Amino acid sequence: MRMTSEKPDATLDTLGFLCPVPIIKAAKRMKAMQVGQILEILSDDAGIEEDMPAWCRSHGQGYLGLEKEETMYRVLVKKLK
């Protein structure tokens, strides 16, 4: 999915952590955010390509896209509820 141009309200660095840690940390961080805010997740775990969209679908959050630069993934998620 093409990355949105929206600016993140917060950044979560999960570099060096493997699945399921990036998803767990993102879920915890999202709980502390306000509806409409955007979380940027940085990860080097390739599993995030499938795991984050699936988590967003199952938890009613907005998956805004993913960019990959070499071994780092940058994912944006919008809090919808």
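Just above, that's the structure.
Residues numbered from 1 in each chain as written. Predicted model: local features only at pLDDT ≥ 70, side-chain atom pairs only at ≥ 80, totals over all residues. Heavy atoms only, no water.

Describing unusual backbone geometry
Then, number 1: Omega for the peptide link from C19 to P20 comes to 10°, which places this bond in the cis form.
Then, number 2: Inspection of the secondary structure assignment puts P20 in the loop between strand 1 (10-13) and helix 1 (21-31).
Then, number 3: Notably, E70 is not glycine yet its phi reads approximately 55°, a positive angle.
Then, number 4: Position of E70 relative to the elements: it lies in the loop between strand 3 (62-69) and strand 4 (72-78). (Helix = DSSP H or I, 4+ residues; strand = E, 2+ residues; numbered from the N terminus.)

Points about the environment of M33
Then, number 1: Positionally, M33 belongs in the loop between helix 1 and strand 2 (38-43).
Then, number 2: A residue is classified by how much of its surface remains accessible, and M33, at 8% relative accessible area, is buried.
Then, number 3: C-alpha separation for the pair M33 and D9, spaced 24 residues apart in sequence, amounts to 8.9 Å.
Then, number 4: Among all residues touching M33, those that are not within four sequence positions of it are D9, A10, I38, L39 and K79. (Buried < 20%, exposed > 50% of the residue type's maximum accessible area, 1.4 Å probe, protein only. Contact = heavy atoms within 4.5 Å.)

Side note on the pattern of salt bridges
Then, number 1: Here the structure, examined in full by the defined rule, presents 2 salt bridges.
Then, number 2: Close ionic contact of R74 with E40 constitutes a salt bridge, the shortest N to O distance being 2.3 Å. Taken together, the residues R74 in strand 4 and E40 in strand 2 connect sequence positions 34 residues apart. In this pair, the class of R74 matches that of E40, namely buried.
Then, number 3: Residues E67 and R74 are paired through a salt bridge, measuring 3.3 Å at the closest nitrogen-oxygen approach.
Then, number 4: Here the residues in one salt-bridge network are E40, E67 and R74, joined through shared partners. (Salt bridge = Lys/Arg side-chain N within 4 Å of Asp/Glu carboxyl O.)

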